[in-house]
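Structural features, examined
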Amino acid sequence: YDSDEAPAVKKFEKEAPLATPATDAPAAAEKEEEESDKEICAKGVELYREGKYEEAIEYFKQAAVKCNGKAQCFLATCYLKGQGTEKDYAKAIQYFQMSARKDNKQALYSLGLCYEKGLGVEKDLTYARSYYEKAAALGHSGAQGKLESK
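Report follows, based on the coordinates.

Cut-offs applied
- Residues numbered from 1 in each chain as written.
- Predicted model: local features only at pLDDT ≥ 70, side-chain atom pairs only at ≥ 80, totals over all residues.
- Heavy atoms only, no water.
- Helix = DSSP H or I, 4+ residues; strand = E, 2+ residues; numbered from the N terminus.
- Buried < 20%, exposed > 50% of the residue type's maximum accessible area, 1.4 Å probe, protein only.
- Contact = heavy atoms within 4.5 Å.
- Areas by Shrake-Rupley, 256 points an atom, 1.4 Å probe, with all protein chains shown as cover.
- Salt bridge = Lys/Arg side-chain N within 4 Å of Asp/Glu carboxyl O.
- Core = buried A, V, L, I, M, F, W, Y, C linked by side-chain atoms within 4.5 Å.
- Phe/Tyr/Trp six-rings, centres within 6.5 Å; stacked < 30°, edge-to-face > 60°.

Structural notes on the overall build of the protein
On a plain count of helices and strands, the protein comes out with 8 helices and 0 strands. Counting from the amino terminus, helix and strand elements in the protein follow one another as α-α-α-α-α-α-α-α. For the protein, the residues scored as buried account for 35% of the 150 residues in total. In the protein, once contacts between residues fewer than 6 apart in sequence are set aside, the share between residues at least 24 apart is 38%. Surface accessibility of the protein: about 9600 Å² in total, with carbon and sulfur atoms responsible for 50%.

Some points on the pattern of salt bridges
The final tally for this structure, using the stated rule, is 5 salt bridges. A salt bridge links Lys 66 to Asp 37, with the shortest nitrogen-to-oxygen separation between them at 4.0 Å. On the criterion of sequence distance, the pair formed by Lys 66 in the loop between α3 (53-65) and α4 (69-81) and Asp 37 in helix α2 (residues 21-49) is long-range, its members being 29 residues apart. Residue classification places Lys 66 among the partly exposed residues on the basis of a relative accessible area of 39%. For Lys 52, the salt bridge is made with Glu 50, and the minimal N-O distance between the two is 3.2 Å. On the basis of relative accessible area, Glu 50 is assigned to the partly exposed category, the value being 45%.

Overview of the nonpolar core
Residues Phe 60, Leu 75 and Phe 96 are the most contacted members of the largest nonpolar core, which totals 37 residues. The set of elements that each furnish at least two residues to this core consists of α2, α3, α4, α5 (89-100), α6 (105-117), α7 (125-137) and α8 (141-148). Examining the composition of this core, we find that 8 residues originate from one element, α4, more than from any other. If we skip the residues at most four places from it in the chain, Leu 75 touches Ile 57, Phe 60, Lys 61, Ala 64 and Tyr 95.

Here's the deal with the packing of aromatic side chains
The description of an aromatic ring pair rests on the distance of the ring centres and on the angle between the ring planes. Considering all chains together, one arrives at 8 aromatic pairs under this definition. On the basis of an interplanar angle of 65 degrees and a centroid distance of 5.1 Å, the ring pair of Tyr 48 and Tyr 53 is categorised as edge-to-face. Judged by its relative accessible area of 27%, Tyr 53 is partly exposed. Judged by centre distance (6.1 Å) and plane angle (15 degrees), the ring pair of Tyr 79 and Tyr 95 falls under stacked. Of this pair, Tyr 79 sits in helix α4 while Tyr 95 sits in helix α5; the two residues are 16 residues apart in sequence, bridging distant segments of the chain. Residue Tyr 79 is classed as buried on the basis of its relative accessible area of 6%. Assessed through its relative accessible area of 18%, Tyr 95 is described here as buried.

Interpretation in functional terms is not warranted from these geometric data alone.
Structural data, given as structure tokens:
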């Protein structure tokens, strides 16, 4: 550096340190893992739509463990309907709740249905309405329809 530029360069480097591979590695690994979860879930959705529920569940479980809300919701649906597995309302509710915590509008709507019909939980129309309201606020048309009809 030119002696006149040295103080400015030092100040710039102090205020805006250059990124190094070591400091960027965790962020890059996290992004790669996140994309991987989405890819795993997408493969599960593809299999689900083909009616290959048992295979889909394996993908949903992998992504759900990594807190993928969409995978949690699909997995809950499989447990609720007995698609590719035995019906298990307790597991369905558990996974719907995990997904709902991530503001998954389908999971919120499904919890509303479970409370309305008493599937895996005690029937409670107040809770059902609360879940429908949250789903509707996120744009779920089925939930909006439920609220309009009540």
